[in-house]
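Chain by chain, the residues:
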Amino acid sequence: AINGPLLKALADENADVRENALEVMDDIQSPIILPSLEQALVAGDEDVREAALSILEDIPDPGAVDLIIEKGLLNYNNSISQKAFDSLEFITGQEFKSYEEARNWWDANKDTFEFD
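Quick look at the structure, then. Sequence positions are assigned chain by chain, starting from 1 and proceeding in written order. With the structure being a predicted model, the display of local features is reserved for residues of pLDDT at least 70 and the display and counting of side-chain atom pairs for 80 or more, all residues being used for whole-chain, interface and lining totals. Values shown for side chains rest on all heavy atoms present in the structure; no hydrogens or waters enter the calculation.

## Here we look at the overall build of the chain
Of the regular secondary structure elements, the chain holds 7 helices and 0 strands. A run of DSSP states H or I qualifies as a helix once it reaches four residues; a run of E qualifies as a strand once it reaches two. Both are numbered from the N-terminal end. Traced from its N-terminal end to its C-terminal end, the chain shows the element sequence α-α-α-α-α-α-α. As defined in this context, the radius of gyration uses C-alpha atoms, and a globule is described by 2.2 Å times the residue total to the power 0.38. Expected size for 116 residues packed as a compact globule is a radius of gyration near 13 Å; at 14 Å, the chain falls within 12% of this value. Based on the C-alpha atoms only, the size of the chain along its principal axes is roughly 40 × 30 × 15 Å. Buried residues are those whose accessible area, probed at 1.4 Å on protein chains only, stays under 20% of the maximum for their type, while exposed residues exceed 50% and partly exposed ones sit between those limits. For the chain, buried positions account for 41% of its 116 residues. The protein chains shown are the only cover counted for residues, whose accessible areas, like all others here, come from Shrake-Rupley with a 1.4 Å probe. Summed over its atoms, the accessible surface of the chain is roughly 6400 Å², and 46% of this surface lies on carbon and sulfur atoms. Charge counting treats Lys and Arg as positive and Asp and Glu as negative, with His and both chain ends excluded. Each charge is placed at NZ for Lys, CZ for Arg, CG for Asp and CD for Glu. Each charge sign in the chain was given a centre, from 8 positive and 26 negative side chains, and these centres are 6 Å apart.

Dropping the structure here:
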């Protein structure tokens, strides 16, 4: 139920409203907000996307890593893509050079991966 208001706030024209939504998500840090974070990664401006990646780093859930890989690494913005690589390295302790390398490693390890 929380995703409805968060999605509405992320689409608001007012930057303060979008920033407040991100602050709420940063406080929640739960897999329940993954739909909102996905929307922030695909529809937000660069600042919103960077904030979403930072929040995803702190959600110890395979779905968060999937979003970083699928929506972060494949982002058309090179800055966001690089931040996604940094986020994956922070979470996994692994350094990846490409989307394919990250996707293959995660697919092979996500069932046994232990989050810190």
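## Let's talk about a negative patch on the surface
For patches, a residue must show more than 30% relative accessible area and have no salt bridge; joins then use 9 Å for like charges and 5 Å for nonpolar side chains, namely Val, Leu, Ile, Met, Phe, Trp and Tyr. Definition used for salt bridges: Asp or Glu carboxyl oxygen within 4 Å of a side-chain nitrogen of Lys or Arg. The grouping of D16, E19, E23, D26, D27 and D58 at the surface amounts to a negative patch. Within the element layout of this structure, E19 appears in helix 2 (residues 15-28).

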